[in-house]
Amino acid sequence: MTSYLLAGGGTAGHVNPLLAVADGLRARDPQADVLVLGTAEGLESRLVPARGYELLIVDKVPFPRRPNRQAAAFPGRFRRAIAQVRAHIRQHGIDVVVGFGGYASAPAYVAARRERIPFVVHEANAKPGLANVLGARWAAAVGVAFDGTPLRGGEVVGMPLRREVIALDRAALRGEAAAAFGLDADRPVLLVFGGSLGAQRLNEALADSWRDILDAGWQLLHVTGERSDMPDPGVPGYSLRRYVDRMDLAFALADLIVSRSGSATVSEVSALGIPALYVPYSVGNGEQRLNAGSAVAAGAAELLDDATFDGDAVRRIVVPLLHDRDRIATMAAAAEKVGTRTGTENVIALIDRAVGTPN
């Protein structure tokens, strides 16, 4: 029996693909020993035990970004974190480590190397994080979600996705989805969302332009985010929700999407073959713009600039597209070719290769 240690966490972008792979390993072999390495502060501290996996703790040791007191303490703290992971590896008889980025991954990679066991790296973003850049130097295999990700030895394997997305039959669920959101299944739907917390820029643009979308003959499903206080106009054809716990139903109803371009969003939308207009979040290191690159290059999506995305931009760019059914159909056809629903299986194949297990 193989013992797996999956390392990662901090954000949903690291935890969700980790859990998808954990579920895939356990589904293939219910007796497999699947453990997760994470920090006590990250999102994994709640999500991993809730999914039924044991969480092994490692200290959170951020890479120093500038010379200061924290940077001076980094070498000692990082050595302690490596020692913690090595102890976990020995205690549980780990055969292979799989890292998904985040604070837990860097010490896991070094510990695996020193314990002479193979490790695999998966990078969810088109612009890799420091931990995975480090790990890719010595990894037995490196998988990336997006083509063109500058990571040594990277193979495009896609993103391990949630089961409800992998199994989604959009056509079969469209009627149920329309009823859930109070919309008409026979009329096209524009889905707008900005992630779990919403996106103020998108919300403000839609507050100024929702009438134009309805006048174009489309319906609007708008997920504003839980913190939004945007008023609901309460008009037919416009379904405004603060939060949606069944995004599979929202995706089933969407004929076109306007959203941010986080790695999970782009991967899920592409896997489902839905055309999209992405408005990359402008804060950070530019990874959201890069995440959308493959879909844009394939003709499945277009990029809109966050700084200029407002009601006028919706009227100037989005509304004309709503009237162009042929163009949307062409984008949808391209979207069906650019995404993959087999990211979990592809990562597991890398793991099998690393430990010498036949596929």
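Quantities reported herein were computed from a predicted structural model and do not represent experimental measurements. (Residues numbered from 1 in each chain as written. Predicted model: local features only at pLDDT ≥ 70, side-chain atom pairs only at ≥ 80, totals over all residues. Heavy atoms only, no water.)

**Q** Teacher, can you tell me more about the pattern of salt bridges here?
**A** All told, the structure shown has 18 salt bridges when counted by the stated rule. One salt bridge in this structure joins Glu115 and Arg86, with 2.7 Å as the shortest N-O distance. Taken as a pair, Glu115 in the loop between α4 (105–114) and β5 (119–123) and Arg86 in helix α3 (residues 69–92) lie far apart in primary sequence, 29 residues in all. Judged by its relative accessible area of 19%, Glu115 is buried. You can call Arg86 partly exposed: its relative accessible area is 23%. The shortest N-O distance in the salt bridge between Asp306 and Arg260 comes to 2.7 Å. Taken as a pair, Asp306 in the loop between β13 (301–303) and α13 (311–322) and Arg260 in the loop between β11 (256–259) and α10 (263–271) lie far apart in primary sequence, 46 residues in all. Classification of Asp306 by relative accessible area gives buried; the value is 6%. Given the relative accessible area of 10%, Arg260 is considered buried. (Salt bridge = Lys/Arg side-chain N within 4 Å of Asp/Glu carboxyl O. Helix = DSSP H or I, 4+ residues; strand = E, 2+ residues; numbered from the N terminus. Buried < 20%, exposed > 50% of the residue type's maximum accessible area, 1.4 Å probe, protein only.)

**Q** What should I look at first to understand the sheet that holds strand β12 (residues 276–278) in this one?
**A** Strand pairing in a sheet relies on backbone hydrogen bonds, with the paired strands running either antiparallel or parallel. One open sheet holds the six strands; their spatial order is β10-β9-β8-β11-β12-β13, and the pairing between them is parallel. Strands with a single pairing partner mark the edges of an open sheet, and in this sheet they are β10 (238–241) and β13. On average, each strand axis in the sheet is inclined to that of its neighbour by 15 degrees, with strand direction left out of account. (Pairing = 2+ DSSP bridges. Axes fitted to C-alpha atoms, helices over the stretch in contact; angles between N-to-C directions.)

**Q** Please clarify how the sheet that holds strand β4 (residues 96–99) should be interpreted in this entry.
**A** Taken in spatial order, the seven strands of this open sheet run β3-β2-β1-β4-β5-β6-β7, and their pairing is parallel. The two strands at the open ends of the sheet, each matched to only one other strand, are β3 (54–57) and β7 (154–156). Ignoring strand direction, the axes of neighbouring strands in this sheet form an average angle of 25 degrees. In this sheet, β5 lies alongside β4 in parallel orientation, the contact comprising three bridges. Bridge assignment links Val98 to a residue of β5, and that residue is Val120.

**Q** Would you explain helix α7 (residues 170–181) in this entry?
**A** Helical geometry: 3.6 residues make up each α-helical turn, so side chains three or four residues apart lie on a common side. Within the span of α7, buried status applies to Leu173, Arg174, Ala177, Ala178 and Phe181. The buried residues of α7 occupy one face: seen down the axis, they fall within an arc of 150 degrees. Facing away from the buried side of α7, by more than 90 degrees, are the exposed residues Ala172 and Ala179. In this fold, the buried residues of α7 make contact with β8 (189–193), β9 (219–223), β10 and α9 (247–253). One or two steps after α7, the chain reaches Gly182, where phi turns positive at roughly 70 degrees. (Arc of directions from axis to C-beta. Contact = heavy atoms within 4.5 Å.)

**Q** Explanation requested: the packing of α3 against α4 in the structure shown.
**A** A pair of packed helices is captured by two measures, namely the crossing angle of their axes and the spacing between those axes. Between α3 and α4, the shortest axis-to-axis distance is 8 Å and the interhelical angle comes to 60 degrees. Comparing the axis directions of α3 and α4 gives the class oblique. As for how α3 packs across α4, the hand of that crossing is right-handed. Residues Phe78, Ala81, Ile82, Val85, Arg86 and Ile89 of α3 form the contact with α4, whose participating residues are Ala106, Pro107, Ala108, Val110, Ala111, Ala112 and Arg114. Considered class by class, the residues forming the contact of α3 with α4 number 11 nonpolar, no polar and two charged. (Parallel < 35°, antiparallel > 145°, perpendicular 65-115°, else oblique. Left-handed = near helix turned anticlockwise from the far one by under 90°. Nonpolar A, V, L, I, M, F, W, Y, C, P; charged D, E, K, R; others polar.)

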